[in-house]
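Architecture and fold: a report
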Amino acid sequence: MKKTLTILGFLAVVPASVALADDDCFVPMANWQPRAAVARLAEVNDWTVRRIKIDDGCYDIDGRDAEGRRIEVTVHPATLQVIEFEYEDEDDDDDDDDRRGQDRDRDHEEDDDD
């Protein structure tokens, strides 16, 4: 009986985990387009790139669109198809700048104490 309940519990969880993994890009590295191709994609779309990173097996572009709004774009590494496009809140950017400034101030204070 315990074995049956364990199997049923496992089967109930598996579809949920598969659904959560849909955002990930599962592509062998040999099939990936180079980072330069991602940069060209951004250029063609008039995006200013701040950073291209890899997250969950996908390329993520952090930058700004032609109107200057902060964007985060998720790109499939093999096809360069845009999977997700998000506009970021400007407030988040200001908060990041404030935190960086506070960290710098704290570092300088620590240096002065030495």
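The paragraphs below set out a description of the structure included in this document. (Residues numbered from 1 in each chain as written. Predicted model: local features only at pLDDT ≥ 70, side-chain atom pairs only at ≥ 80, totals over all residues. Heavy atoms only, no water.)

**As for a nonpolar patch on the surface**
Together, Val82, Phe85 and Tyr87 make up a nonpolar patch on the protein surface, roughly 260 Å² of accessible area in all. Topologically, Val82 is positioned in strand E4 (residues 82-87). (Patch = residues over 30% accessible without salt bridge, like charges linked within 9 Å, V, L, I, M, F, W, Y side chains within 5 Å. Areas by Shrake-Rupley, 256 points an atom, 1.4 Å probe, with all protein chains shown as cover. Salt bridge = Lys/Arg side-chain N within 4 Å of Asp/Glu carboxyl O. Helix = DSSP H or I, 4+ residues; strand = E, 2+ residues; numbered from the N terminus.)

**Regarding the environment of Glu67**
Among the secondary structure elements, Glu67 is positioned in the loop between strand E2 (58-64) and strand E3 (70-75). The exposure class assigned to Glu67 is exposed, which follows from its relative accessible area of 59%. A polar contact is formed between the side chain of Glu67 and the side chain of Arg69, at a distance of 2.8 Å. (Buried < 20%, exposed > 50% of the residue type's maximum accessible area, 1.4 Å probe, protein only. Polar contact = N/O pair within 3.5 Å; in protein donor to acceptor, adjacent residues only side chain to side chain.)

**Description of the state of the cysteines**
One way to say it: the disulfide is the covalent bond shared by the sulfur atoms of two cysteines. Enumeration according to the criterion identifies one disulfide in this entry. In this model Cys25 forms its disulfide with Cys58; the gap between the sulfur atoms is 1.9 Å. Handedness of the Cys25-Cys58 disulfide follows from its S-S torsion of about 95°: it is right-handed. Of the two residues, Cys25 sits in the loop between helix H1 (2-20) and helix H2 (35-44) while Cys58 sits in strand E2, which places them 33 residues apart along the sequence. Under the relative-accessibility criterion, Cys58 is labelled buried at 1%. (Disulfide = S-S within 2.5 Å.)

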